[in-house]
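Each chain, written out:
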Amino acid sequence: MSEDQNPDGHHPEPATSNQHSYYDWQLATLMYAYDVALPLEGSDQNALATRMQSCEHELYRLAKTVIPDGYWQEQQLQLSPEVVMRLTQATVLRAAEIMKLVSEVPLDETV
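To start, this report covers the structure provided alongside it. (Residues numbered from 1 in each chain as written. Predicted model: local features only at pLDDT ≥ 70, side-chain atom pairs only at ≥ 80, totals over all residues. Heavy atoms only, no water.)

Let's talk about unusual backbone geometry
Move 1: Even without being glycine, Lys100 reaches a positive phi, approximately 65°.
Move 2: In this structure, Lys100 sits in the loop between α4 (81-98) and α5 (107-110).
Move 3: Residue Lys100 is classed as exposed on the basis of its relative accessible area, which comes to 72%. (Helix = DSSP H or I, 4+ residues; strand = E, 2+ residues; numbered from the N terminus. Buried < 20%, exposed > 50% of the residue type's maximum accessible area, 1.4 Å probe, protein only.)

If you want it as C-alpha cells, here you go:
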C-alpha cells in the first residue's frame, strides 16, 4: 500500500483545508489518548510512527462505520453537519475507551 492510499487501497480525494484540520484533530485526539493509556519512550521514533499509522487505520475504520456509503461513492459530497457530529462523537468516545474512562460501546448504538 502506498503512503497516500487508504487501508482499502483507494487513493483519497484531495482534502479541503477544513477537512485536513478536522482529520488532524481526530488523529491527535487518538494519539493523545494512547499516550495517556500506553506511554511511549519519547525517543522511540519507530514506535511513534507505528502508533500514528495504527491511529490512521483506526480513524479510517471509524469513518467507514459512521459515514454513510453514499458519501464514499460520491466523494465530492460535503459531509452533513449531522454526519460530522456523529464522527466527532465517535472520535471522542473512542478516545475515552482507549483511556479506560468508559467501557467499549458499539458505534452503531451510540452515534
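Now that the structure has been shown, we can carry on.
Describing the packing of aromatic side chains
Move 1: Tallied over the full model, the rule gives 2 aromatic pairs.
Move 2: Each ring, one from Tyr22 and one from Trp25, has its centre 5.6 Å from the other, and the planes form 35°; the classification is tilted. One end of the pair, Tyr22, and the other, Trp25, are both in helix α1 (residues 17-37), 3 residues apart, so they sit about a helical turn from each other.
Move 3: When the centroid spacing of 5.7 Å and the interplanar angle of 75° are considered together, the rings of Tyr60 and Trp72 count as edge-to-face. Here Tyr60, found in helix α2 (residues 45-66), pairs with Trp72, found in helix α3 (residues 69-73); they are 12 residues apart in sequence, far enough to count as distant.
Move 4: The class of Trp72 is partly exposed, set by a relative accessible area of 21%.
Move 5: Residue placement shows Lys64 over the ring face of Trp72; its charged tip is 4.4 Å from the ring centre. (Phe/Tyr/Trp six-rings, centres within 6.5 Å; stacked < 30°, edge-to-face > 60°. Lys NZ or Arg CZ within 6 Å of the ring centre and 35° of its normal.)

Thoughts on the nonpolar core
Move 1: One finds Leu27, Leu30, Met31, Ala33, Tyr34, Cys55, Leu59, Ala95 and Ile98 forming the largest nonpolar core, which totals 9 residues.
Move 2: For this core, the secondary structure elements donating two or more residues are α1, α2 and α4.
Move 3: When residues in this core are grouped by element, the largest group, 5 residues, is from α1.
Move 4: Apart from residues no more than four positions distant in its own chain, Tyr34 is found in contact with Pro39, Arg51, Cys55, Glu58, Arg94 and Ile98.
Move 5: Residues Leu62, Ala63, Ile67 and Val83 belong to the second largest nonpolar core, which totals 8 residues. (Core = buried A, V, L, I, M, F, W, Y, C linked by side-chain atoms within 4.5 Å. Contact = heavy atoms within 4.5 Å.)

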